[in-house]
Amino acid sequence: MESDKKTTLSELVNENNVQRNDLAISIKHLHKSFGNNQVLKDFNLEVKSGESVAVIGKSGSGKSVLIKCVIGLIKFEQGQIHVLGKNVSKLNSMELDVLRIKVAFLFQSNALYDSMTVRENLEFPLRRHLTETKKEEVDALVIEALTNVGLAHTIDMMPSELSGGMRKRVALARTLIMKPEIILYDEPTTGLDPITAKEISHLIVEIQKKYNTSSIIISHDLSCVKITADKVVMLINGKNYAEGKFEELSKSDDDKIKNFYI
Amino acid sequence: MVPKVVYEFFDELGMISYFGWRFFKEGIKPRYEFREMIRQCYYVGYKSLGLVALTAFIMGLVITIQSRPTLVEFGAEDWLPKMVSVSLVREIAPVITALICAGKVGSGMSAELGAMKVTEQIDAMDVSGTNPFKYLVVTRVFATTFMVPLLVILADAISLYGGYLGCNIRGVVSWQLYWNQVYETLSYGDVLPSIIKTFFFGYAIGVIGCFKGYYTDKGTEGVGKSANAAVVLSSVMVFIIDLIAVQIIDILNLT
């Protein structure tokens, strides 16, 4: 009889809260392929606590696959991913659910639930994890998250009634609602006009400062990367080809790096 | 060497079977999504009421009008309520109702889940710590499994009423005489097996509709294809289940 075995969600959450690590994400020797197409080959990356790392690369280079591996949406063949000290590939579904409370994901397509209002979209993760929270507290958290992105007035609107930029902001509010320690951004400014894209980029920085989150930002929008990233990783041929600050890489003589900055 | 078509057929059959089994596996484990289950029951049951009622009424009316000349030819016009009630309750109402549900509910589920899949809403549910299979699939399959039989009971009643009106278009049959003949003819052996098989109809419609939607790929084009495939496959499945049910009823001599 394993009496001390962590079986309930609340026990696992408590355990998760106790374990802190200076390294928010550690990716070592990651390999991922789809059939004969090897997307990631021996990819390595470290994200420190509070750090914001942008991963840039061509379309189809495996950037989105990388963060989906980090959150456990896609299984990988080789390598190790540690998120907040937990080995992602060794977690069972309940442990993965607990980890996902601390790790938020902003989808490229926003992925707002069409059949729910903005309020219900934001309440959805709350009602599942904070089951004993009172309605007033849930309302307050929803309003706080929406106020952070400047959209408190849209609370009872449907996602279809919002513009592209507003949908992105609501999706960002939904990622913030559980007060995550890590946020994974998948192309946060794709499909937005330059002004809205800049606003979203600054919003990401504000959130980063306010909540002290660590993040991986997948993008090929260099102005977004310049505003948001502490460190830039260039993904070429499945490997981290170059790594450094935005300004350092922009001065590089390497042709492959220069191509990105033209 | 197994032809590709045969391989794909058995591959899909295996996947649907596993999907159907997973409904029970995930369904018995907490947490139970009661709120979503009730919402789905409302959509499957209440939102299909009008369509099922209308088609059931027309079915009853048409079957009665079409059968009358043949019975008149053999001097068996009095048997019209008996014949109509047996054919409606045993076979026509359950199968037609199931086919309507396959078209309306099955395609709707497939398109909804397919759209959620291609817009990453299912992934979003997953990363928010919600089991999307439990929330989306278990609730919908539960709703079809329990709402289709209720719709069939309603369709039985309304189609029999349509049959009464049909009897009175060319002849005169009193309300009491009509229902007396119906009750005399129908036994539990007619009603119960036909209701029991509709649970399987509902289960098949839900599983196939959700399966096709849940595994949609190739963007919006894939959503349309999934909805179409869900209707075709679940309609065929209704007939296959009906065939098996008829054989079992016959072997067990239930009628």
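Calculation criteria
- Residues numbered from 1 in each chain as written.
- Chains lettered and ligands numbered in written order.
- Predicted model: local features only at pLDDT ≥ 70, side-chain atom pairs only at ≥ 80, totals over all residues.
- Heavy atoms only, no water.
- Helix = DSSP H or I, 4+ residues; strand = E, 2+ residues; numbered from the N terminus.
- Rg over C-alpha atoms; globule rule 2.2 N^0.38 Å.
- Contact = heavy atoms within 4.5 Å.
- Areas by Shrake-Rupley, 256 points an atom, 1.4 Å probe, with all protein chains shown as cover.
- Lys, Arg positive; Asp, Glu negative; His and termini not counted.
- Charge placed at Lys NZ, Arg CZ, Asp CG, Glu CD.
- Pairing = 2+ DSSP bridges.
- Axes fitted to C-alpha atoms, helices over the stretch in contact; angles between N-to-C directions.
- pLDDT = per-residue confidence, 0-100.
- Salt bridge = Lys/Arg side-chain N within 4 Å of Asp/Glu carboxyl O.
- Buried < 20%, exposed > 50% of the residue type's maximum accessible area, 1.4 Å probe, protein only.
- Parallel < 35°, antiparallel > 145°, perpendicular 65-115°, else oblique.
- Left-handed = near helix turned anticlockwise from the far one by under 90°.
- Nonpolar A, V, L, I, M, F, W, Y, C, P; charged D, E, K, R; others polar.
- Expected span 1.5 Å × (residues − 1).

**Focus on the overall build of chain A**
Move 1: Broken down by element type, chain A carries 10 helices and 10 strands.
Move 2: Its C-alpha radius of gyration of 19 Å places chain A within 12% of the 18 Å reference for a compact globule of 262 residues.
Move 3: For chain A, the spread of C-alpha atoms along the principal axes amounts to about 60 × 55 × 35 Å.
Move 4: Within chain A, contacts between residues at least 6 apart in sequence are counted, and of these 67% link residues at least 24 apart.
Move 5: About 12,500 Å² of surface is accessible on chain A, with carbon and sulfur atoms providing 49% of the total.
Move 6: Positive and negative side-chain charges of chain A, numbering 35 and 35 respectively, have mean locations separated by a distance of 3 Å.

**Digging into the sheet that holds strand β2 (residues 37–48) of chain A**
Residues and elements named next belong to chain A.
Move 1: Across the sheet, which stays open at both edges, the four strands sit in the order β2-β1-β4-β5 with antiparallel pairing between neighbours. A single partner strand is all that each edge strand has here, and the edge strands are β2 and β5 (86–87).
Move 2: Direction of pairing for strand β1 (residues 23–34) relative to β2: antiparallel, over a ladder of eight bridges. In the strand pairing of β2, Phe34 is matched with Asn37.
Move 3: With respect to the sheet, helix α2 (residues 63–70) is in contact with β1, β2 and β4 (78–83), its orientation differing from that of β1 by roughly 120 degrees.

**A few points about the confidence of the model for chain A**
All names here are of chain A.
Move 1: Confidence along chain A averages 85 in pLDDT terms, with 91% of residues attaining 70 or more.
Move 2: Note that pLDDT drops below 50 for residues 1–7; the model gives that stretch five contacts with residues more than four away or on any other chain.
Move 3: Contacts for the low-pLDDT stretch residues 16–20, under 50 throughout, to residues beyond four places or in other chains number seven contacts.

**Quick look at the pattern of salt bridges**
Move 1: Tallied over the full model, the rule gives 23 salt bridges over all chains.
Move 2: The closest approach of N and O atoms between Glu8(B) and Lys4(B), which form a salt bridge, is 3.7 Å. Here Lys4(B) and Glu8(B) lie together in helix α1 (residues 4–27), a separation of four residues that amounts to about one turn.
Move 3: Looking at Lys4(B), the relative accessible area reads 62%, which means it is exposed.
Move 4: Glu91(B) is the salt-bridge partner of Lys197(B), the closest N and O atoms lying 3.3 Å from each other. One end of the pair, Lys197(B), is in helix α8 (residues 188–214); the other, Glu91(B), is in helix α4 (residues 80–118), with 106 residues separating them in the sequence.
Move 5: Bridged by salt links that share partners, the residues Arg119(A), Lys135(A), Asp139(A) and Asp156(A) form one connected network.

**Quick word on the packing of helix α4 (residues 118–129) of chain A against helix α5 (residues 135–148) of chain A**
Angle between the axes and distance between the axes are the two parameters that describe a pair of packed helices.
All names here are of chain A.
Move 1: Two elements in contact, α4 and α5, have axes separated by 10 Å at closest approach and are oriented at 120 degrees. Comparing their axes, α5 and α4 come out oblique. Pair α4 / α5 crosses with right-handed handedness. Here Val118, Arg119, Leu122, Glu123, Leu126 and Arg127 of α4 come into contact with α5, specifically with Lys135, Val138, Asp139, Leu141, Val142, Ala145 and Leu146.
Move 2: When the residues that make up the contact of α4 with α5 are grouped by side-chain class, the tally is eight nonpolar, no polar and five charged.

**Details of α8(B)**
Move 1: For α8(B), built from 27 residues, the straight-helix expectation of 39 Å at 1.5 Å per residue is met to within 8% by its first-to-last C-alpha distance of 39 Å.
Move 2: The buried fraction of α8(B) amounts to 20 of the 27 residues, a majority that puts the element mostly inside the structure.

**What about the sheet that holds strand β9 (residues 231–236) of chain A?**
Residues and elements named next belong to chain A.
Move 1: Spatial ordering of the open sheet is given by β6-β7-β8-β3-β9-β10, a layout of six strands whose pairing is mixed. At either end of the open sheet lies a strand with only one pairing partner, and these are β6 (103–106) and β10 (239–244). Across this sheet, the average inter-strand angle for adjacent strands is 20 degrees, counted without regard to direction.
Move 2: In this structure, strand β3 (residues 52–56) lies alongside β9, joined through four bridges in parallel fashion. Looking across to β9, one finds that Ala54 is bridged to Val232.
Move 3: This element, helix α6 (residues 164–176), spans β6 and β7 (182–186) of the sheet and lies at about 170 degrees to β6.

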